[in-house]
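Spelled out from the first residue to the last, the chains are:
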Amino acid sequence: MNTAKKIILATALGGSLMLNSCYFNSAGHIFDKASYQASSFTRELKSDKNQVVYTDGSDYYVELTRYRMGKPVVTQYSVFSQDETKDTLQARGKDVFRIPRDFAMYLTGQAKGPDVPSEMTLVKNGEDIKSRCSTLPIVKNAGKYAEVWQHRSSAAPWLYTAGVFDWLCVDLPMTCVENALVIGIGAVMLVYETSSAYGSIERKWDPVKYGDIDTSATRGDGGSSSSSGPNHYEIRGFYHSQGM
């Protein structure tokens, strides 16, 4: 293998490692707990005798599952892996929402509509609100409506701090070790490919060394070389090119 090809192969290997290096991502799980895109769906509000509307006499509330939206957090990104994960919904708890009165009346069978809310407002201290409210059974299924927001944990400041330390103390060292191993394996492969290519070239241009031809043919005055011997033709060709 000539120098140019070695450089090209080494450059390609280095570029591949830079673009697809291993990455350890345990801190991603901590950051994900601190904040993520969330959604809740009114399709959960059904007349199955398990769902209720909460009211304090003036406002109305419902409780819905909070789902995390997006791709799952991956702990290990590999040089050989491809990102084929799809967005998913993961249940992460429940939240309380304030709903319009007309929607509450529909759910409880006191109005013909609407079957979806014009808006829903996420409230804090949902458990405290529920404890102060009376309940009305839901007798009509709600239509399809989704509320999307950025969920932020009450412990987010601590989680972000822990995530930074985890990245510095765990992810960064692990990533360096993994990439060092990948580079080492790549270097071994490069040496192997180089030596293999050199061996095939040497066999092509020096077949005598590898025993590919019969060297017992006679030469000199009155002698003759085997017509199949490649050296015979190469030498004659060389002399011919010099004008002999």
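Look up: the structure comes first, before these words.
Calculation rules
- Residues numbered from 1 in each chain as written.
- Predicted model: local features only at pLDDT ≥ 70, side-chain atom pairs only at ≥ 80, totals over all residues.
- Heavy atoms only, no water.
- Helix = DSSP H or I, 4+ residues; strand = E, 2+ residues; numbered from the N terminus.
- Contact = heavy atoms within 4.5 Å.
- Areas by Shrake-Rupley, 256 points an atom, 1.4 Å probe, with all protein chains shown as cover.
- 1 Å grid on protein atoms, 1.4 Å probe; cavity = no way out; pocket = protein on both sides within 12 Å on 5 of 7 lines; lining within 4 Å.
- Points joined across faces, edges and corners; volume = space filled by probe spheres on them.
- Phe/Tyr/Trp six-rings, centres within 6.5 Å; stacked < 30°, edge-to-face > 60°.
- Lys NZ or Arg CZ within 6 Å of the ring centre and 35° of its normal.
- Patch = residues over 30% accessible without salt bridge, like charges linked within 9 Å, V, L, I, M, F, W, Y side chains within 5 Å.
- Salt bridge = Lys/Arg side-chain N within 4 Å of Asp/Glu carboxyl O.
- Buried < 20%, exposed > 50% of the residue type's maximum accessible area, 1.4 Å probe, protein only.
- Core = buried A, V, L, I, M, F, W, Y, C linked by side-chain atoms within 4.5 Å.
- Pairing = 2+ DSSP bridges.
- Arc of directions from axis to C-beta.

Here the focus is the overall build of the chain. Along the chain, the regular secondary structure elements total six helices and nine strands. Excluding contacts between residues fewer than 6 apart, the proportion of contacts in the chain whose partners are at least 24 apart in sequence is 75%. When the accessible surface of the chain is summed, it comes to about 16,100 Å², and 58% of that surface belongs to carbon and sulfur atoms.

Before going further, it helps to examine the layout of surface pockets. Of the voids in this model, the largest pocket is the one considered here, and its volume is about 250 Å³. If you go around the largest pocket, the residues you meet are R66, K94, D95, L122, V123, K124, H151, R152, S153 and S154.

Bringing unusual backbone geometry into the picture now. A cis geometry characterises the amide bond from G113 onward to P114, with omega recorded as 0°. Positive phi values are uncommon outside glycine, yet N125 reaches one of about 55°. Take N125: it is sitting in the loop between β7 (121-122) and α4 (126-131).

All right, on to the packing of aromatic side chains then. This model, assessed by the stated rule, comprises three aromatic pairs. Just above the ring of Y36 sits the side chain of R92; from NZ or CZ to the centre is 4.9 Å.

This part covers a nonpolar patch on the surface. There is a patch of nonpolar side chains on the surface, built from Y23, V164, W167, L168 and L172 and spanning about 400 Å² of accessible area. Summarising the element assignment, L168 is placed in helix α5 (residues 156-205). Residue L168 is classed as partly exposed on the basis of its relative accessible area of 44%.

Turning to the nonpolar core, a few remarks are in order. Counting 19 residues, the largest nonpolar core has L45, V53, V62, I99, F103 and L107 as its most contacted members. If you tally residues by element for this core, the top one is helix α3 (residues 101-107), at five residues. If you look at the next biggest cluster of nonpolar residues, it comprises six residues, including Y54, Y61, V96 and I129.

Sheet topology note: the strand β3 (residues 52-55)/strand β8 (residues 134-137) ladder contains four bridges and is antiparallel. Following the sheet pairing, Y54 is matched in β8 by T135. Pairing between β3 and strand β4 (residues 60-70): two bridges, direction antiparallel. Its bridge partner being in β4, T55 is matched across the sheet by Y60.

Right, let's talk about helix α2 (residues 27-34) for a bit. Turning to α2, its buried residues are A27, G28, D32 and A34. One side of α2 holds all its buried residues, which, seen down the axis, span an arc of 155°.

Another aspect to go through is the environment of L122. Looking at the secondary structure, you find L122 in strand β7. Residue classification places L122 among the partly exposed positions, given a relative accessible area of 37%. Taking the C-alpha atoms as reference, L122 lies 10.0 Å from V62; in sequence the two are 60 residues apart.

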